[in-house]
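The lines below spell out each chain.
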Amino acid sequence: MALLLGFLAWPILFMIRTWNSVEGTMGVHQWIAMILGVVFSCVVGFGLMGAMFFSSRQGYDDPPQFVQ
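Residues numbered from 1 in each chain as written. Predicted model: local features only at pLDDT ≥ 70, side-chain atom pairs only at ≥ 80, totals over all residues. Heavy atoms only, no water.

Peer 1: Would you take a moment to explain the overall build of the chain for this structure?
Peer 2: Scanning the chain for helices and strands turns up two helices and zero strands. At 22 Å, the chain has a C-alpha radius of gyration far larger than the 11 Å of a compact globule built from 68 residues. The principal-axis extents of the C-alpha atoms in the chain amount to approximately 70 × 40 × 15 Å. When the 68 residues of the chain are sorted by exposure, 1% land in the buried category. (Helix = DSSP H or I, 4+ residues; strand = E, 2+ residues; numbered from the N terminus. Rg over C-alpha atoms; globule rule 2.2 N^0.38 Å. Buried < 20%, exposed > 50% of the residue type's maximum accessible area, 1.4 Å probe, protein only.)

Peer 1: What is the right way to read helix H2 (residues 28–58) from this model?
Peer 2: The α-helix advances 3.6 residues per turn, and as a result positions three or four apart in sequence lie on the same side. With 31 residues, H2 should reach 45 Å at 1.5 Å per residue; the first-to-last C-alpha distance of 44 Å fits that figure. Within two residues after H2, Gly59 carries a phi angle of roughly 90 degrees, on the positive side. (Expected span 1.5 Å × (residues − 1).)

Peer 1: I keep staring at a nonpolar patch on the surface and nothing clicks. Help me out?
Peer 2: A grouping of Met26, Val28, Trp31, Ile32, Met34, Ile35, Leu36, Val38, Val39, Phe40 and Val43 is seen on the molecular surface, where their side chains present a nonpolar patch of about 1,000 Å² in accessible area. Relative to the helices and strands, Val43 resides in helix H2. (Patch = residues over 30% accessible without salt bridge, like charges linked within 9 Å, V, L, I, M, F, W, Y side chains within 5 Å. Areas by Shrake-Rupley, 256 points an atom, 1.4 Å probe, with all protein chains shown as cover. Salt bridge = Lys/Arg side-chain N within 4 Å of Asp/Glu carboxyl O.)

Peer 1: Which parts of the structure should I look at to understand the side chain of Ser55?
Peer 2: Structurally, Ser55 can be placed in helix H2. The class of Ser55 is buried, set by a relative accessible area of 16%. In this structure the side chain of Ser55 is engaged in a polar contact, spanning 3.0 Å, whose partner is the backbone oxygen of Met52. (Polar contact = N/O pair within 3.5 Å; in protein donor to acceptor, adjacent residues only side chain to side chain.)

Peer 1: Please clarify how helix H1 (residues 2–21) should be interpreted in this entry.
Peer 2: For H1, spanning 20 residues, the distance from its first C-alpha to its last is 28 Å, which sits close to the expected 28 Å at 1.5 Å a residue. With zero of its 20 residues buried, H1 lies for the most part at the surface.

This is the structure in structure tokens:
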């Protein structure tokens, strides 16, 4: 368990150190672009997951049934 927590802590610490090493601030346009990117990524992800569940419940993922 300690090894797994170590594997989890290493990228988090790397992310924090990298984030804090960047100098400067983000402008308004950069914040807007980042927020729109996150929102549209979530919309696409939710839409694809919804389409997957819809197709699964409607039987589109079932193997074909040959009727003679």
